[in-house]
Amino acid sequence: MNQNRQGDGVEFGPFQLYPEQRLLTHHGIPIPLGNRAFDILRVLVEHAPNVVSNHTLLEEVWAGVFVEDVNIRFQIATLRKALGEGKDGARYISTVANRGYCFVATLSSSPSGATAAASPDRAGDTGDESGAAAPASPETNLPVPLANIIGRDPELAEVQEWVMRSRLVTLVGPGGVGKTRLAVDLGWRLLNAFPAGVWLIDLAPVSDPGMIASAAAAALRVSVEKADATVDTIVATMGKAQRLLIFDNCEHLIDAAAALIRTLLEHAPGLSVLATSQQDLHLAAEQVYGLDPLQVPPAGAVEMSGFGAADLFVARARAADRLFELNEGNSAAVGEICRHLDGLPLALEMAAPRLRMLGVDGLRRGLDDRLRMLKGAPDGDARHASLRAVLEWSHSLLAPLEQRVFRRLAVFPGSFSLEAAVAVGGEEGDESWDVVDALGRLIDRSMITLEQREPPRYRLLETLRLYAAEQLQASGEAEAAVERHARHFQAVFDEAELCWEETPDPDWIARYQPEFDNLRSALEWALAEPSRRSLAIALAASGALLLTDMSLTAEARKYLDRTIPLIDDATPAVSTARLLMRAAVLYARTLDPEGLAFAERTAALYRELGDRPNLAIALGQIGYYGAIQSRHAEIRPLLLEAKQLIGDDGFNKSRNRLLTLLGIVSIYMGDAAEARRQFIEALGLARALKSAREPTMLANLAVAEYLLGDLDRAIELTREALSRGKTWPGHAWQGNALCNLGAYLIAKGRPSEARPPLMEALSALTEWGNYPALSCLQPWAVLGAVEGRYFEAAKLVGFIDAERARLGQTYAPSEQPLRDRLMGLLEAGLQPAILEACKAEGARWSEAAAIEYTATHLFPDPDART
């Protein structure tokens, strides 16, 4: 570059660099760079293609200031990102190990920056020293962005394509989503495509609809002598020239803005319009582009790069605090901040400067009060003085009915259906279609997000929901709205219970699983006050069916344990029976003996009510408890009655459950062949019903095959069950199946293959707790003994024996072969006194202590090498 004349620029790829003007452009559009980054680029280009040492960079860029080399690395990284290095193979700056950096792109001369840069105060300057005029750039009044736009490359490319093929495009989205910023950036990109220029008409300061034309004339630098001829004057000035007008912030003057835009488009054939608004203009030729918030990292993500919200937050955090660094210790919290702020660029830009004072964790905790905490408009716009100001601006544009519906929607913790919105947002005397229309207008105004289209579901962004909740509380309607929500979902889950028997599991779960968060919220509200006991009982009874089918055993038990004590003499028998039936089924999953009393009481109630299928299931549950307690003689008549009650036709899901129970009871009674027959029938029925229980049926059938001596078939069926079960919700049956697979592999003499499924089973137990700990711990004890860890295995045996005695359980026939092998190994490997001492120590453990011991002493692979 040192051979070029003073004031001239250089080009490389799509970029133009003008050192005198301190200007970098991309296809003629200014690229904002910090002073240090610009100076490093200038120095590298001046010395190209030679290597520039760190010492030289420090002397020329930070003259007289002591800084560390890390500052150079940071600025180099900033430069590479601004230049898009790596995209489509582009390379500009090369790192030379132990020497420094060099600029490697091909350089060529460029006209003076004053003529090449697209900016109104530069247009019209002359070119080189010979006096030849450089081509004038199109005029514009667009502000030069002070920082790079981040995370919007796909949207910029897509909207640019829309603008080039359509004369009217409207960017719509909620306040703070970045509509103005994207429109301005796009205007710079498109400047050379419109010879008559790109012009920004900001309507935010305009409050009188009659002044829109005057605001447009002022922005376009059109002189108007008569106020009533403003539109005609604008049209005459524009003529047929190709021009792009950006009408920004149209939402508060939507009708007047639409009228002016329609008139201009009709009379100026070369005109194109890009509008920004919280709602569309409702014009025939309009193409509406919904601008969504930036993409946020999913919960649990550690890697933040590639998510637009995180990229923006980190960039602004570094600008506010040069010491900020994204690392493994804070990345999860940064992701949480991005999610809580819904990926809204304005909120992220307001939050980032708070890091210097609060730190990442402090900022994350403070987001509960974000409406007061987040202040300071990056663009200086008064409407953006705080996050609250943005929301108040949007809220003020709503009609009274829209405001009422909006604030009541705050009761939904997540997504909701149209029916739920009408039930909660309306009130007695409302025409339902009026509420539907209000909801539609809220969607049009970007106050509600359409989450999915078929079936439609809606959601408030979290920040909007917090604001709506404040408005709801201030209105005095909060308690009534929450009650409407709870009673609506009581009706929803009553219907769910009624249609469960006839609806295929995939369809039933798809219909009701989206209401999971609403069920939780309604239950918590109903359980908060004793006066709501009848509602709480009804919700828990019907809602627990969803939790059961999703295998959320622990959570379902939590709600049942809180609800069952609310039953009193005034509780209807049918409500009591429904609730206790859920408890009997769920307690059986973890072999809790309390479930037997629930099953017996349920059977008595259903006998009185004459409910045959539910009585059959209750009798089956009683039989299940009798089997694991070895009371075989007592349960035979119960099982025979259950089979007669359910019959062979109808009640297919209930019959499937009963067949499963009968098969399990047959296992405990030592009749593996009968169990196999029951499980095969249950599997066929499950497949015919497209049931979510098919993987469970496969795993059960594997147990029967194992007891009948076909180990290979048992392993094959269990692996098939685990493979098929990946698409179904819940973790309870998977834990049991993984334990069984480990046991079968140990029995087959393949302990090294048994370790991975047993490790996964233990992880599922510690994370979810949805299946009996004893089912998992005995295979671990056997594996420990097989691996020669006798002390650890003996202690675990002591816990298992003591826990079974406490629960009144015997070893299942499927567990006995490995139990015998385990004791043989321990008796051969330990002296009797030591074995008894180890067992005595384990007998004193709690379940949590036994799981923790297994995780710390048996989980690590003894053959692993560090």
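Now for a description of the structure that goes with this document. Please read these numbers as outputs of a predicted model, since none were measured by experiment.

All right, on to the environment of Glu 479 then. Along the polypeptide, Glu 479 turns up in helix H20 (residues 478-500). As for Glu 479 and Ala 48, which are separated by 431 residues in sequence, their C-alpha atoms are 70 Å apart. When neighbours within four sequence positions are excluded, Glu 479 is seen to be in contact with Trp 525 and Arg 532. Only 2.8 Å separates the side chain of Glu 479 from the side chain of Arg 532, close enough to count as a polar contact.

All right, on to the sheet that holds strand E12 (residues 287-290) then. Two pairing modes exist for strands in a sheet, parallel and antiparallel, and in both the strands are linked by backbone hydrogen bonds. Reading across from one edge, E9-E10-E11-E8-E12 is the order of the 5 strands in this open sheet, with parallel pairing throughout. In the strand order of this sheet, the two ends are held by strand E9 (198-202) and E12, each with one partner. Across the sheet, the mean angle from the axis of one strand to that of its neighbour is 20°, orientation sign disregarded. Note: E9 against strand E10 (residues 243-248), 5 bridges, orientation parallel.

Time to look at the packing of helix H17 (residues 418-425) against H20. Packing of H17 against H20 brings their axes to within 8 Å, and their N-to-C directions diverge by 140°. Between H17 and H20, the interaxial angle falls into the category oblique. Considering only the axes of H17 and H20, their crossing is right-handed. Note on element contacts: H20 touches H17 through Ala 481, Arg 484, His 485, His 488 and Phe 489, opposite Glu 419, Ala 420, Ala 423 and Val 424.

Of all hydrophobic cores here, the largest spans 159 residues; its most connected members are Val 163, Leu 274, Phe 313, Phe 406, Leu 409, Phe 416 and Trp 508. Each residue touching Phe 406, except ones within four places of it in the same chain, is listed here: His 395, Leu 398, Leu 442, Met 447, Leu 460, Leu 464, Tyr 467 and Ala 468.

Taking a probe equal in size to a water molecule and rolling it over the atoms shows the remaining empty space. Using the criterion set out here, one finds 2 cavities of 30 Å³ or more in the structure. Reported here for the second largest cavity is a volume of approximately 60 Å³. As for the second largest cavity, its lining consists of Pro 174, Gly 175, Leu 344, Val 390, Leu 391, Ser 394, Ser 446, Met 447, Leu 461 and Leu 464. Among the elements that line the lining of the second largest cavity, the one with the most residues is helix H15 (residues 387-396), at 3 residues. Split into classes, the residues belonging to the lining of the second largest cavity amount to 7 nonpolar, 3 polar and no charged.

Among all residues except glycine, the phi angle is most often negative; among peptide bonds, the trans geometry is most common. The omega angle of the peptide bond from Ala 48 to Pro 49 is 5°, so this bond is cis rather than trans. Position of Pro 49 relative to the elements: it lies in the loop between helix H1 (35-47) and helix H2 (54-61). In the Ramachandran plot, Asn 249 falls in the positive-phi region, its phi being about 65° despite a non-glycine side chain. Take Asn 249: it is sitting in the loop between E10 and helix H9 (254-267). For Asn 249, a relative accessible area of 6% puts it in the buried group. Positioned with a positive phi, Lys 690 is a non-glycine residue whose angle comes to about 55°.

A few words now on the side chain of Arg 407. Checked against the element boundaries, Arg 407 lands in helix H16 (residues 400-408). Owing to a relative accessible area of 16%, Arg 407 belongs among the buried residues under this scheme. Side-chain polar atoms of Arg 407 contact the side chain of Glu 477, separated by 3.0 Å. With residues up to four places along the chain from it excluded, the contact list for Arg 407 reads Ala 468, Gln 471, Leu 472, Ser 475 and Glu 477.

Before going further, it helps to spend a moment on the side chain of Thr 140. Mapped onto the secondary structure, Thr 140 falls in the loop between helix H4 (113-116) and helix H5 (153-165). By relative accessible area, which is 0% here, Thr 140 ends up buried. One polar contact links the side chain of Thr 140 to the main-chain amide nitrogen of Leu 142, over a distance of 3.0 Å. A distance of 2.6 Å separates a polar side-chain atom of Thr 140 from the backbone oxygen of Val 198.

Let us look at the environment of Leu 552. Note on placement: Leu 552 falls in the loop between helix H23 (533-549) and helix H24 (553-563). Sequence separation between Leu 552 and Ser 531 is 21 residues, and the spatial gap between their C-alpha atoms is 27 Å.

What follows is about the pattern of salt bridges. All told, the structure shown has 51 salt bridges when counted by the stated rule. A salt bridge links Glu 787 to Arg 789; the nearest nitrogen and oxygen atoms lie 2.7 Å apart. For Glu 787, a relative accessible area of 27% translates into the label partly exposed. Ionic contacts of the salt-bridge type, sharing partners, join the residues Arg 404, Arg 407, Arg 408, Glu 427 and Glu 477 into one network.

Turning our attention to the packing of helix H28 (residues 632-646) against helix H29 (residues 652-668). Two elements in contact, H28 and H29, have axes separated by 11 Å at closest approach and are oriented at 160°. By the angle class used here, H28 and H29 are roughly antiparallel. The interaxial crossing formed by H28 with H29 has left-handed handedness. Every residue of H29 that contacts H28 at His 632, Ile 635, Leu 639, Ala 642, Lys 643 and Ile 646 is listed here: Ser 654, Arg 655, Leu 658, Leu 662, Val 665 and Tyr 668.

What counts as what
- Residues numbered from 1 in each chain as written.
- Predicted model: local features only at pLDDT ≥ 70, side-chain atom pairs only at ≥ 80, totals over all residues.
- Heavy atoms only, no water.
- Helix = DSSP H or I, 4+ residues; strand = E, 2+ residues; numbered from the N terminus.
- Contact = heavy atoms within 4.5 Å.
- Polar contact = N/O pair within 3.5 Å; in protein donor to acceptor, adjacent residues only side chain to side chain.
- Pairing = 2+ DSSP bridges.
- Axes fitted to C-alpha atoms, helices over the stretch in contact; angles between N-to-C directions.
- Parallel < 35°, antiparallel > 145°, perpendicular 65-115°, else oblique.
- Left-handed = near helix turned anticlockwise from the far one by under 90°.
- Core = buried A, V, L, I, M, F, W, Y, C linked by side-chain atoms within 4.5 Å.
- Buried < 20%, exposed > 50% of the residue type's maximum accessible area, 1.4 Å probe, protein only.
- 1 Å grid on protein atoms, 1.4 Å probe; cavity = no way out; pocket = protein on both sides within 12 Å on 5 of 7 lines; lining within 4 Å.
- Points joined across faces, edges and corners; volume = space filled by probe spheres on them.
- Nonpolar A, V, L, I, M, F, W, Y, C, P; charged D, E, K, R; others polar.
- Salt bridge = Lys/Arg side-chain N within 4 Å of Asp/Glu carboxyl O.

That's the geometry; what it means functionally is another story.
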